[in-house]
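# Observations on chain architecture
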Amino acid sequence: MNTHLVVSILGEDRPGIVESIADVVREAGCNLEDSRMSVLGGAFAMILLARGNWNTTTKLEKALDRLAQTLELVITTQRTQRREPHGDFVPYGVDVVALDQPGIVHELSNFFASRGVNIQNMTTATYAAPHTGSPMFSLHMTVEIPGHAHLATLRDEFLDLCDDLNLDGIMEPVKH
């Protein structure tokens, strides 16, 4: 029976961290099913989902403890089960670009949560606008809209929120 292990890893960024993590996963006999990695400021951050049987995931947990000490990383693990499809939902992609301002993520997450829409994943970034250097903010998320929701109304409400907050936003079905 397969067991899944969610692993989060934080530490000072330097070359070779990803290779070391991938090697530990492979040596333990697990499969790396899903991962996200980024350098945030000067810090390395990664979250991954590894799959194996009970013995190989236990072996991975012990190997990760050793790796944390060797590379001075903070590593946490949590066992989980494969996520089974739940209910009837429609996946939508949401993209927003705006002048950077506090509260954008809160406003958007509150909008979706209050309508029973689950945020499946989210990526945000700030950057300097070309030519002007103005501080800009971008967000991409995938959301799960309940099948019973009226999509046109939800999209109109989203666009109204974007207008109110001076955000340039789009919400479209995810195309596989």
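Everything below is about the structure shown above.
This text gives an overview of the structure that appears in the document. Treat the numbers as computed from the prediction; the structure is a model and nothing was measured. (Residues numbered from 1 in each chain as written. Predicted model: local features only at pLDDT ≥ 70, side-chain atom pairs only at ≥ 80, totals over all residues. Heavy atoms only, no water.)

## Examining a nonpolar patch on the surface
Applied cut-off: For patch detection, residues must exceed 30% relative accessible area and be free of salt bridges, and they are connected within 9 Å for like charges or within 5 Å for nonpolar side chains (Val, Leu, Ile, Met, Phe, Trp, Tyr). Here the open area of atoms and residues is found with the Shrake-Rupley method and a 1.4 Å probe, where only the protein chains shown may cover a residue. Should a side-chain nitrogen of Lys or Arg be within 4 Å of a carboxyl oxygen of Asp or Glu, the pair is scored as a salt bridge. Working definition: helices are DSSP H or I runs of at least four residues, strands are E runs of at least two. Numbering for both runs from the N terminus.
A surface patch of nonpolar side chains, about 220 Å² in accessible area, is lined by V18, M37 and V39. Looking at the element boundaries, V39 is found in strand β2 (residues 31-40).

## Topic: the packing of helix α1 (residues 17-28) against helix α2 (residues 54-71)
This is how it is decided: All axes here are fitted lines through C-alpha atoms, helices being fitted over the stretch that makes contact, and every angle between N-to-C directions spans 0 to 180 degrees. Put simply, angles under 35 degrees are roughly parallel, angles over 145 are roughly antiparallel, angles from 65 to 115 are roughly perpendicular, and the rest are oblique. By the definition used in this description, the sense in which the near helix is turned from the far one sets the handedness, with an anticlockwise turn below a right angle giving left-handed and a clockwise turn giving right-handed. Here, residues are in contact when the closest pair of their heavy atoms is within 4.5 Å.
Look at α1 against α2: their axes get within 8 Å of each other, and the N-to-C directions meet at 150°. Regarding the angle of α1 to α2, the classification is roughly antiparallel. Note that α1 runs across α2; the crossing there is right-handed. Here S20, I21, V24, V25, E27 and A28 of α1 come into contact with α2, specifically with T56, K59, L60, A63, L64, L67 and L71.

## Description of the environment of S20
Mapped onto the elements of the fold, S20 is located in helix α1. Note: C-alpha distance between S20 and L64 (44 residues apart in sequence) is 9.9 Å. The residues touching S20, leaving out its near neighbours within four places in the chain, are L67 and L71.

## A closer look at the sheet that holds strand β3 (residues 43-52)
To be explicit about the condition: Two strands are counted as paired when DSSP detects at least two bridges linking them.
Spatial ordering of the open sheet is given by β2-β3-β1-β4, a layout of four strands whose pairing is antiparallel. Each end of this open sheet is capped by a strand with a single partner; those strands are β2 and β4 (74-80). Across this sheet, the average inter-strand angle for adjacent strands is 10°, counted without regard to direction. Those strands touched by α1 are β1 (3-12), β2 and β3, and its axis lies near 15° from that of β3.

## Structural notes on the packing of aromatic side chains
How we decide: Side-chain rings of Phe, Tyr and Trp (the six-membered ring for Trp) are treated as a pair once their centres are within 6.5 Å; stacked means planes under 30 degrees apart, edge-to-face means over 60, and tilted covers the remaining angles. Under the scheme applied here, a residue whose accessible area is under 20% of the maximum for its type counts as buried, over 50% as exposed, and between as partly exposed, the area being computed with a 1.4 Å probe on protein chains only. Remark: a charge is flagged as sitting over a ring if the NZ atom of Lys or the CZ atom of Arg is within 6 Å of the ring centre and within 35 degrees of the ring normal.
As enumerated under the stated definition, the model contains three aromatic pairs in all. An angle of 55° between the planes, with centres 6.2 Å apart, marks the rings of F111 and F158 as tilted. Of this pair, F111 sits in helix α3 (residues 104-113) while F158 sits in helix α4 (residues 151-165), placing them 47 residues apart in sequence. Residue F111 is classed as buried on the basis of its relative accessible area of 5%. Over the face of the ring belonging to W54 we find R79, whose NZ or CZ atom lies 3.8 Å from the ring centre.

## Some words on the nonpolar core
How we decide: In plain words, nonpolar cores are sets of buried Ala, Val, Leu, Ile, Met, Phe, Trp, Tyr and Cys residues tied together by side-chain atoms within 4.5 Å.
The biggest cluster of nonpolar side chains holds 21 residues, and the ones touching the most others in it are V7, I9, I21, L48, L60, L64 and I75. Counting residues per element, the ones that place at least two in this core are β1, α1, β3 and α2. Here this core takes six residues from α2, the largest share from any one element. If near-sequence neighbours (up to four positions away) are discounted, V7 is found in contact with M46, I47, L48, L64, I75, T76 and T77.

## Regarding the pairing of strand β6 (residues 118-128)
As paired strands, β6 and strand β7 (residues 135-146) are joined by ten bridges and run antiparallel to one another. Each residue of the ladder has a partner; that of T124, found in β7, is L139. Where β6 hands over to β7, the hairpin turn is made up of six residues, of which H131 adopts a positive phi near 70°.

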